[in-house]
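Residue-level listing of the chains:
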Amino acid sequence: MPLIRANLTSKGLSTTASDVILQAWKPGTQKQYKSYLQRWELYCCEQKINPLSASVVDGINFLGDLYQKPLSYSAINTARSALSTVIFPAEGGTFGSHPLVTRFLKGVFTVRPSLPRYQEIWDVSTVLSYLKTLHPPENLSLQLLTLKTTMLLALLSGQRCQTIHALDVSHMTLTDENCVFYIQKLLKTSRPGKHLGRLEFRNFDEDKKLCIVTVLKEYVNRTKLTRGNYTQLLLSYCKPFKPVCTDTIARWLKKVLENAGIDITKYGAHSTRAAATSAAKVANVSVKTIMDAAGWANAGTFSKFYDKPIRASVSDNFGVDLLKTQC
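Residues numbered from 1 in each chain as written. Predicted model: local features only at pLDDT ≥ 70, side-chain atom pairs only at ≥ 80, totals over all residues. Heavy atoms only, no water.

## What to know about the packing of helix α3 (residues 27-47) against helix α4 (residues 56-67)
In the contact formed by α3 and α4, the axes pass within 11 Å of each other and the chain directions differ by 110 degrees. The orientation of α3 relative to α4 falls into the category roughly perpendicular. In this structure, α3 contributes Y36, R39, W40 and Y43 to the contact, and α4 contributes D58, G59, N61, F62, D65 and L66. (Axes fitted to C-alpha atoms, helices over the stretch in contact; angles between N-to-C directions. Helix = DSSP H or I, 4+ residues; strand = E, 2+ residues; numbered from the N terminus. Parallel < 35°, antiparallel > 145°, perpendicular 65-115°, else oblique. Contact = heavy atoms within 4.5 Å.)

Following this line, the structure appears as structure tokens:
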């Protein structure tokens, strides 16, 4: 992010110090900020403003310009965060927390509210019923085995595609009773003192057709010969069998949803997270277990029931409790 780098070096920071500070923003955040900082530079050029010494009023006027485009509340809020990296109020604090800025955003929200994407969610039992038809795992094609493995991992963990992407066979313990993954990569929610250290999946004897341990054993064994030096759990089921990205995992999840009869024009891959946690809540799985699994320190309506810090691991009870309520 050249504008932020220029701002840092203008304060006398060395190249090394600037590089380290830039790493405070994760790649996804940098990608989001980039387009808005580029727009900010163009706006400043048109208004003959120095983008590195602009006032709070200049920043709000820029947000007003975005409002006229028109951009959504979410987009303008992201722009506010991006401007907080280059605009510093004379009275102290940050641009994003300035009273005028927060009031402006409240006004935008009133006119263009950012409402939940899903007003209702699909029935988990529908997808689980489809997954039951993909049995036994040893008779499945590598494609179907991969799709079943991916969906079970998503549903029984309540995690994002990024977390599923981080699963690694070199940091995995697989037994007849359970499978434990030790997460060695930074995730979206990782920060000092808080990191999802492990994911544990337990054996499900009540219905072997939905037993993630059984499926994982077959998947790991099936991919052993084509894996080579790759240690990421999920590999492409087509040659050259390389590790897949998060977008591919999302596409696989949508494929399973489509095969199960879920409307994928309405629901995306991330809906597996909402579906799993919602089904667990309706089935009276404890709020603590749900929040541990989903990685929420507090989460909207759940916060009034449970507001303690979460553990640095996912409860292995979540997946088993969810399956018990659906079978």
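## Focus: the environment of Y182
The topology assignment puts Y182 in strand β2 (residues 178-182). Here the alpha-carbon distance between Y182 and R198, two residues 16 residues apart in the chain, equals 4.4 Å.

## Focus on the pairing of β2
Counting buried positions along β2 yields 4 of 5 residues, so the element is predominantly enclosed. Here strand β1 (residues 172-174) pairs with β2 via 3 bridges, running antiparallel. Within β2, the residue paired with T173 across the bridge is V180. The antiparallel hairpin formed by β1 and β2 contains 3 residues in its connecting segment. In terms of strand pairing, β2 meets strand β3 (residues 198-202) through 5 bridges, oriented antiparallel. Within β3, the position partnered with N178 by the bridge is R202. (Buried < 20%, exposed > 50% of the residue type's maximum accessible area, 1.4 Å probe, protein only. Pairing = 2+ DSSP bridges.)

## Considering the pattern of salt bridges
Enumeration over the complete set of coordinates arrives at 8 salt bridges. E218 serves as the salt-bridge partner of R222, at 3.0 Å between the closest nitrogen and oxygen. Residue R222 and its partner E218 are both found in helix α10 (residues 212-222); the two are separated by 4 residues, about one turn of the helix. Judged by its relative accessible area of 27%, R222 falls in the partly exposed class. Between E258 and K255 there is a salt bridge whose closest N-O contact spans 4.0 Å. Of this pair, E258 and K255 both sit in helix α12 (residues 246-259), 3 residues apart, which is roughly one turn of the helix. When its relative accessible area of 42% is taken as the criterion, E258 is described as partly exposed. (Salt bridge = Lys/Arg side-chain N within 4 Å of Asp/Glu carboxyl O.)

Honestly, that's just the spatial picture; any functional story needs more than this.
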